[in-house]
Amino acid sequence: MSRRPRPTLPALRPPEFTGRLHDARTATAVGRLLGAAFAVCFLTGLVSHYLQHPPDWLADRLPTRPVWGYRLTQGLHVATGLAAIVLLLVKLWTVYPRLFTWPPVRSVRHALERLSVAVLVATAVFQVLTGLLNIVQWYPWPFSFVPVHFAVAWVVAGSILLHLAVKAPEIRAHWRRRSPGTLELPAEDVRDRRSLLLGVGAAVGVVTATTVGQSFTPLKSLDLLAPRHPDHGPQGLPVNRTAAAAGVSAGGLGEWRLDVLGPRAYSLTLDALGAMPRAFVTLPIACVEGWSVDADWAGVRVRDLVERAGGRPGRDAVRVTSLEVAGSYRVMEMGTEYVDDPLTLLALALNGRRLSLDHGFPARIIAPNRPGVLQTKWVHRLEVL
Ligand SMILES: Nc1nc2c(c(=O)[nH]1)N[C@H]1C(S)=C(S)[C@@H](COP(=O)(O)O)O[C@H]1N2
Ligand SMILES: [Mo]
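Residues numbered from 1 in each chain as written. Chains lettered and ligands numbered in written order. Predicted model: local features only at pLDDT ≥ 70, side-chain atom pairs only at ≥ 80, totals over all residues. Heavy atoms only, no water.

Trainee: I'd like to hear about the pairing of strand β4 (residues 292-301), residue by residue, with values.
Mentor: With seven of its ten residues buried, β4 lies for the most part within the structure. Of the strand pairs in this sheet, strand β3 (residues 279-286) and β4 are connected by eight bridges, and their pairing is antiparallel. Pairing of phenylalanine 280 across the sheet is with alanine 298, part of β4. Between β3 and β4, which follow one another and run antiparallel, lie five residues, and glycine 290 among them has a positive phi close to 100 degrees. The pairing of β4 with strand β7 (residues 345-350) spans five bridges and is antiparallel. Residue pairing for β7: valine 300 is matched across the bridge by leucine 346. (Buried < 20%, exposed > 50% of the residue type's maximum accessible area, 1.4 Å probe, protein only. Helix = DSSP H or I, 4+ residues; strand = E, 2+ residues; numbered from the N terminus. Pairing = 2+ DSSP bridges.)

Trainee: Describe helix α4 (residues 108-135), naming the residues involved and giving the relevant values.
Mentor: Between its first and last C-alpha, α4 extends 41 Å over 28 residues, near the 40 Å set by a 1.5 Å rise per residue. Every buried residue of α4 is accounted for by His110, Ser116, Leu120, Thr123, Ala124, Gln127, Val128, Thr130, Gly131, Asn134 and Ile135. Contacts made by the buried residues of α4 are with α1 (24-52), α3 (69-95) and α5 (145-174). Glutamine 137 sits one or two positions beyond α4 and adopts a positive phi of about 55 degrees. (Expected span 1.5 Å × (residues − 1). Contact = heavy atoms within 4.5 Å.)

Trainee: Explain the domain arrangement of the chain to me, and be specific about the residues and the numbers.
Mentor: The domains assigned to the chain are domain 1 (24-222) and domain 2 (235-384). Between the C-alpha centres of domain 1 and domain 2 the distance comes to 37 Å. With both sides pooled, the region where domain 1 packs onto domain 2 buries about 2,100 Å², and carbon together with sulfur makes up 51% of that total. Ranking the residues of domain 1 by area buried against domain 2 places Thr64, Tyr70 and Arg71 at the top, with a combined share of 27%. Taken together, domain 1 and domain 2 are joined by two salt bridges. With a closest N to O distance of 2.6 Å, aspartate 341 and arginine 65 form a salt bridge. Of all elements in the fold, only α1, α3 and α4 reach the threshold of two or more residues within the side of domain 1 that touches domain 2. Sorting elements by how many residues they give to the side of domain 1 that touches domain 2 places α3 first, with five residues. A per-class count over the side of domain 1 that touches domain 2 returns eleven nonpolar, ten polar and four charged. (Domains from an automatic or database assignment. Buried area = accessible area lost by both parts, 1.4 Å probe. Salt bridge = Lys/Arg side-chain N within 4 Å of Asp/Glu carboxyl O. Nonpolar A, V, L, I, M, F, W, Y, C, P; charged D, E, K, R; others polar.)

Trainee: Can you lay out the site of ligand 1 for me, pointing to particular residues and giving the numbers?
Mentor: The immediate surroundings of ligand 1 are formed by 19 residues, with Pro238, Glu324, His359, Arg364 and Lys377 found nearest. The separation between an oxygen atom of ligand 1 and a polar main-chain atom of proline 238 is 2.6 Å. Taking histidine 359, its side chain carries an N or O atom lying 2.5 Å from an oxygen atom of ligand 1. For ligand 1, the protein covers 98% of the area, taking 530 Å² as the surface of the free molecule. In the shell around ligand 1, the residues fall into nine nonpolar, six polar and four charged. (Near = heavy atom within 4 Å. Polar contact = N/O pair within 3.5 Å; in protein donor to acceptor, adjacent residues only side chain to side chain. Areas by Shrake-Rupley, 256 points an atom, 1.4 Å probe, with all protein chains shown as cover.)

Trainee: Lay out the packing of aromatic side chains in plain terms, naming residues and giving numbers.
Mentor: Scanning the entire structure with this criterion turns up eight aromatic pairs. Here phenylalanine 42 and tryptophan 154 contribute two aromatic rings whose centre-to-centre distance is 5.1 Å and whose plane-to-plane angle is 90 degrees, an arrangement assigned as edge-to-face. Here phenylalanine 42 is found in helix α1, whereas its partner tryptophan 154 is found in helix α5, with 112 residues between them in sequence. For tryptophan 154, a relative accessible area of 42% corresponds to the partly exposed category. In textbook terms, an aromatic cluster arises when at least three aromatic residues are bridged by ring pairs, as seen for Phe126, Tyr139, Trp141, Phe143 and Phe145. Just above the ring of tryptophan 175 sits the side chain of arginine 32; from NZ or CZ to the centre is 4.5 Å. (Phe/Tyr/Trp six-rings, centres within 6.5 Å; stacked < 30°, edge-to-face > 60°. Lys NZ or Arg CZ within 6 Å of the ring centre and 35° of its normal.)

Trainee: Any details on the sheet that holds strand β6 (residues 331-334)? Residues and values, ideally.
Mentor: As summarised here, the arrangement of the five strands in space is β2-β1-β10-β5-β6, forming an open sheet in which the pairing is mixed. Taken across any chain shown, the strands that pair with only one partner, and hence form the sheet edges, are β2 (266-268) and β6. Each adjacent strand pair in this sheet contributes to an overall mean axis angle of 20 degrees, direction not counted. Of the strand pairs in this sheet, strand β5 (residues 318-322) and β6 are connected by four bridges, and their pairing is antiparallel. Among the inter-strand pairings, valine 320 is bridged to a residue of β6, identified as methionine 332. (Axes fitted to C-alpha atoms, helices over the stretch in contact; angles between N-to-C directions.)

Now the structure itself:
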């Protein structure tokens, strides 16, 4: 009788990955697209941030042209952010086996490199997820979205730069399919990689096509997955914050007066305001949450109101206060470029009809190249600064 071999305990070994395309060439190809999406997203995010919170030296220099500038940059911000979700998932799939490298740490340099990748992955996932939830206006966290999203953007940007520096040799070696000095990759991998990249392109295409119509209105009929449709809302325009949510009710508006404070302060009833020279403009509302649409507005030029109060358009900024009881957008300041612009109105009518309560009745601001959050509704006071 032969002796059976003694069963041995399985050695503790890291898992093996036999699937293909977890290689540096695929990581580089997907990483390039992801890097481009993040770069556009970051830069357009900065534009949005500085239009909303300009430092003092910039506040009176913000350009009011092109009128659709913010609409374009914010549309791109949300579109590239959504595309980045797809690309990030694919990129993580490509590289996840490296999570199990053995031994986990080879040197101090290796440990630092892995730590930097951990920071990059965590912040990138955090950033696209909070952005996604923000466009559906769902805030299941205890912090305030805007400052945190802004701060983490810098960490993501810094981590990407560090990652590019650390991985530069690998990226260079795999930038082209046949970079000089690299091993020839198996032929079937080349074919499958092409299929993977085509699939990624198709997925990004579908996500973009079914969401971008929320701001790129020629594609609005395809807008199936975006939270907003540019046409759906009272007077043909979506509403972000309703009068009810802002604590503004029609009942309290009987006594409404517009107060214009300045060297020659005055008050106007709605009838008196309506009797002033009227201007007609077509301008978009471009919401930071990524929807935007053009509308026809009629109202009184802010410039005229300021002049009548003894202010100097082109030299004076204006503080605008809403009837809204509380909320971050109750008070807004507008730099001299906006005040002076003939397209900046205290609007009284939208798409041919008096403003509805949800769109800011009795009066609201509409200004060119300006984030939606600063197009203050239910205005009752202008202060020349
Ligand atoms: N007073 C006040 N005005 C406001 C807001 C607000 O919360 N309070 N929301 C702003 C936002 S986020 C946007 S996108 C626009 C939308 O205008 P609409 O609801 O008329 O489309 O109004 C802006 N005006
Ligand atoms: Mo908005």
